[in-house]
Each structure stands twice: as C-alpha cells, then as structure tokens.
Amino acid sequence: MCVGVMGTALASPLYPLYQAHWGLQPSHITGIYVAYMVGALASLLFLGRLSDRFGFLPVLRHGLVLVTSGVLLSALAWSVASFVASRVLIGIASGMITTSASIGLTQLNRSSNVMRASAMTSFAMALGFGLGPLVGGLMAQWVPLPLVTAYAPSVVLGVLAIYALYQVQLAPAASAAAPAPFALHDWLPRITLPQPALRRPFLIASLGAFSTFSIFGLYASLAPSFMAHMVPWHGPAVSGLSIAMILFLSAGFQWLARPVHTKTCAIVGLGLLAACNLLLIATTYTNLPLLFVLSVLCTAAGHGLVNLAGIAIVNKVAGPQNRSGLLSTYLVVGYLGTILPILGVGWLSDHLGLPVAIVIFCVAMALLTGALAWLAHRTPVIDQA
C-alpha cells in the first residue's frame, strides 16, 4: 500500500518546475493533476470488483507493476502529453492498489475490531501518500535533474515491493480466485450501495471522502502556487514537506483515534475540516504563517478522522460479497472530490486570480463539511460490528 500510493502524489512539489519548463498555466497544472484522478476513477469503476473475483493479492501485484511503470514513464516524460499519459497509468494502478490492499488488510486482520482494521488501512494509505511529496520535494530541491532523479526512489522501492509480493503465499481462504473469467457485464461500471437502512451513514462517509480528497487535492495540486503568496518559505522541499506533513499528521491522528467511536470521529473530523477552510480564507487575506500552520494542522486532523470514520463505516455496512464494490463506490465519490472542485479552482484562478478561487473553494467546502457534521450528529449509530 505505502509503496504503491507513494508514486501518486510524488509529482506534486514538482509542478512549479514543470510549469516553468513547459510554460504552463495554473489550469494546466490542475488538469495534469486531474488526469491521474480520471485514471483512478476509471480503475475503480471498471476494475473495482477484480479483487472479489481473483483475490486481492494478484490484483495488488499487477497494480504495483503498473504504478512502477507509470513512475518510470514520468521520469522519462519528454512532453506534456507523455507526462499526462504517465499520470493516467499511475491513476489506474492507484485504484487497483487501494482497493486490493484495503481488502487484503481487512481479510488478514486477526482481530474482530473494525476500527483497528480500518485504522491500519487508512494509516498505510496516508503514510504512502505522504512519502511521495516528501521524497519528491527533497530530491527536487537539492539533487540535479529533479524532473528525472526525483522519481528514482519510488522506482527502486516499487521493484523491491513487486519482488516481495511474488514471494508471498497465502492460504486458499485468503487468496481464492474464481475459476471463470469475467463476463462482459462484469466489466461495466456499476455503483454498489448498501441495504437501504444503512445508506444514510454510507452517504455521509462518501461525501466526507469527497471533502477530504478535495481539500487535500487543493494542497497537492496548487500548494506550491498559493504558498508563494502566503508564507515566506519557498521551494519544492517546502511545498513537498507541507503536503507530506498533512498526511503524516493525518496518519498519526488516525492511529491515536483507534479507540474513539466511529460517529465521534466523523463529527469531530468534519467540524475540523470546516474550520480548516475558514483558517485558509483568513490566511489568504492576512498572509500570516501562523494561520497557515493552524490550517494545515486542522486539515491533517480532519483528514485523518474523516478517513478513519469513512473506512470504518464501509467495513460496518459491507459484507464479504459486496465489500470491494462498496469500497470502490466510496473511493469513486472521494476521487470526484479531487476532480470537479480542483478543475473549478484552476479555471477560477485563470479568470479571477488564485486568492479569489481559493476563497470560493473554501466557502463551499466549509458549508459542505459543516452540513455533513450536523447530519452525522443526527444519524443513529450503526449496530453492525
């Protein structure tokens, strides 16, 4: 999980270098970022049920091969088109990896504690996403040929992870594969929903993922651009570290919140996401580094708690027969949060300026997360263990 998703956000601190190298506008950068998300979305829609059919381990192996190939293509990218192609390939692999690894961690969990399995899943995902921009930013700041060398650690770790996974042998119960190949209707995109009585908490979890992915997407795609106006520190290492810190702190909050009830995690996390957007608005008008730090801390805490609650809700409402389908649906809604709002921010920044675009985005996200926190408070506790 960590190595597989590491390559997905690795390019974030490199975007200003690509912008200068190819003469790109902010909307072009958000478009490149969204290309990865489109690949991930297509993977979840069309390939999300592969793990149910063939077992999580074969899907995870092939996903790692694809993501390592995509990272290598990013390092060799000679044009915008080739770089976009590499991002789409990484997105497809990311959807395969997050779904199969999440199912694997749940299946191999020896405890019946849902929150423990959910924390391990979201912790591994956040850690991997955080390592990418951290390594990419540090390499880009101090190593020659950053648009090539920054990808080297991810390629090396990817090769080691592929080798390691092919050494793993699982008991038939955990890795059983269906004998029959997919029929045509199995490949068609399909949204899976839980039984009607459980759809309200699942909807809150999915829209919470939409919010967290959207807010993190703003940092990942445009942090180097808007940080230049907000804080006195600059460079790929700074933007990469800020993105990584959100995810590392998110992972830490998730680990600490394992004993906390799912509903409490959801309410507090959504409230923190609303607060982080208000703080980011204040930072836009004041340019105070302290407010930016507080915004990052609130973002990290909200990101961690909402993702932990979301994965736990999916595990609670899902059964063995629809777990990967519900997880794919949950992630599809989340990835839409990184596509639609971020494209809107890119378009608004070209026409109204980046500060105005950020304010509009933050107002919309604060209203959404505040409403979701109220809905979560009014929603009964899920009885399923």
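Residues numbered from 1 in each chain as written. Predicted model: local features only at pLDDT ≥ 70, side-chain atom pairs only at ≥ 80, totals over all residues. Heavy atoms only, no water.

Q: With reference to specific residues and values, describe the overall build of the protein chain.
A: Summing up its helical and strand segments, the protein chain has 17 helices and zero strands in all. Sorting the 385 residues of the protein chain into buried and exposed places 56% on the buried side. Put simply, 86% of the contacts in the protein chain that link residues at least 6 apart link residues at least 24 apart. (Helix = DSSP H or I, 4+ residues; strand = E, 2+ residues; numbered from the N terminus. Buried < 20%, exposed > 50% of the residue type's maximum accessible area, 1.4 Å probe, protein only. Contact = heavy atoms within 4.5 Å.)

Q: Give me the packing of helix α2 (residues 15-22) against helix α6 (residues 80-107): which residues, what numbers.
A: Between α2 and α6, the shortest axis-to-axis distance is 12 Å and the interhelical angle comes to 155 degrees. Relative to α6, α2 is oriented roughly antiparallel. Seen from α2, the contacting residues are Tyr15, Tyr18 and Trp22; seen from α6, they are Val80, Phe83 and Arg87. Of the residues assigned to the contact of α2 with α6, the class counts are five nonpolar, no polar and one charged. (Axes fitted to C-alpha atoms, helices over the stretch in contact; angles between N-to-C directions. Parallel < 35°, antiparallel > 145°, perpendicular 65-115°, else oblique. Nonpolar A, V, L, I, M, F, W, Y, C, P; charged D, E, K, R; others polar.)

Q: Explain the side chain of Arg87 to me, using residue names and the numbers behind them.
A: Tracing the chain through its elements places Arg87 in helix α6. When near neighbours in sequence (up to four residues on either side) are disregarded, Arg87 contacts Gly7, Thr8, Ala11, Tyr15, Ile32, Ala35 and Tyr36.

Q: Summarise the state of the cysteines; cite the residues concerned and give the values.
A: Following the criterion strictly, the structure yields zero disulfides and no others. Left without a disulfide partner, Cys276 is nearest to the cysteine sulfur of Cys298, which lies 6.6 Å away. (Disulfide = S-S within 2.5 Å.)

Q: Account for the confidence of the model for the protein chain, with residues named and values stated.
A: As a note on interpretation, predicted positions should not be read in detail where pLDDT is low. Confidence along the protein chain averages 82 in pLDDT terms, with 87% of residues attaining 70 or more. Across residues 174-179 the pLDDT falls below 50, and counting only partners more than four positions away or on other chains, this stretch makes eleven contacts in the model. (pLDDT = per-residue confidence, 0-100.)

Q: Explain the nonpolar core to me, and be specific about the residues and the numbers.
A: Soluble globular proteins tend to bury their nonpolar side chains together. In terms of nonpolar packing, the biggest core is built from 93 residues, with Leu14, Tyr15, Phe83, Tyr151, Tyr330, Tyr335 and Phe361 touching the most fellow members. Taken domain by domain, this core gets at least three of its residues from each of domain 1 (1-169) and domain 2 (194-384). For Phe361, the contacting residues outside a window of four places in its chain are Ser214, Ile215, Leu218, Asn277, Pro341, Ile342 and Val345. (Core = buried A, V, L, I, M, F, W, Y, C linked by side-chain atoms within 4.5 Å. Domains from an automatic or database assignment.)

Q: Which residues make up the packing of helix α16 (residues 323-352) against helix α17 (residues 354-378), and what values go with them?
A: Viewed as axis vectors pointing N to C, α16 and α17 meet at an angle of 145 degrees, and their least axial separation amounts to 7 Å. Seen from above, α16 lies across α17 with right-handed handedness. Residues Pro341, Ile342, Val345, Leu348, Ser349 and Leu352 of α16 pack against Leu354, Val356, Ala357, Ile360 and Phe361 of α17. Of the residues belonging to the contact of α16 with α17, the class tally is ten nonpolar, one polar and no charged. (Left-handed = near helix turned anticlockwise from the far one by under 90°.)

Q: Lay out the packing of aromatic side chains in plain terms, naming residues and giving numbers.
A: Taken as a whole, this structure holds five aromatic pairs when the rule is applied. Ring geometry for Tyr36 against Tyr335: centres 6.5 Å apart, planes inclined by 90 degrees, an arrangement best described as edge-to-face. Remark: Tyr335 occurs in helix α16 and Tyr36 occurs in helix α3 (residues 26-47); sequence separation between them is 299 residues. Looking at Tyr36, the relative accessible area reads 2%, which means it is buried. Through pairs of rings, three or more aromatic residues link up here, namely Tyr18, Trp22 and Phe83. Directly above the ring of Tyr166 sits Arg61, whose terminal nitrogen or CZ lies 4.9 Å from the centroid. Over the ring of Trp255 we find Arg258, and its NZ or CZ is 4.0 Å from the ring centre. (Phe/Tyr/Trp six-rings, centres within 6.5 Å; stacked < 30°, edge-to-face > 60°. Lys NZ or Arg CZ within 6 Å of the ring centre and 35° of its normal.)

Q: Give me the environment of Val3: which residues, what numbers.
A: Positionally, Val3 belongs in helix α1 (residues 2-6). As a C-alpha pair, Val3 and Val155 span 152 residues in sequence and 9.3 Å in three-dimensional space. Apart from residues lying up to four places away in sequence, Val3 is in contact with Leu64, Leu157, Gly158 and Ala161.

Q: Explain the environment of Ser250 to me, using residue names and the numbers behind them.
A: One can find Ser250 in helix α13 (residues 236-256). Every residue in contact with Ser250, bar those within four places of it in the chain, is listed here: Ala126, Met245, Ala300, His303 and Gly304. Within the local environment of Ser250, its side chain forms a polar contact with the side chain of His303, the two groups lying 2.9 Å apart. (Polar contact = N/O pair within 3.5 Å; in protein donor to acceptor, adjacent residues only side chain to side chain.)

Q: Mind laying out a nonpolar patch on the surface, listing which residues take part and the relevant values?
A: A cluster of nonpolar side chains, namely Leu290, Val293, Leu294 and Leu297, defines an oily patch on the protein surface of about 340 Å² accessible area. Looking at the secondary structure, you find Leu290 in helix α15 (residues 289-317). (Patch = residues over 30% accessible without salt bridge, like charges linked within 9 Å, V, L, I, M, F, W, Y side chains within 5 Å. Areas by Shrake-Rupley, 256 points an atom, 1.4 Å probe, with all protein chains shown as cover. Salt bridge = Lys/Arg side-chain N within 4 Å of Asp/Glu carboxyl O.)

Q: How would you explain α15 if you had to name every residue and give the values?
A: With 29 residues, α15 extends 42 Å between its outermost C-alpha atoms, agreeing within 8% with the 42 Å of an ideal straight helix rising 1.5 Å per residue. Burial within α15 is extensive, with 24 of its 29 residues counted as buried. (Expected span 1.5 Å × (residues − 1).)

Q: Tell me about the environment of Pro194, and name the residues and values.
A: Relative to the elements of secondary structure, Pro194 occurs in the loop between α11 (184-187) and α12 (199-230). Taking the C-alpha atoms as reference points, Pro194 and Ala318, 124 residues apart in sequence, are found 6.8 Å from one another.

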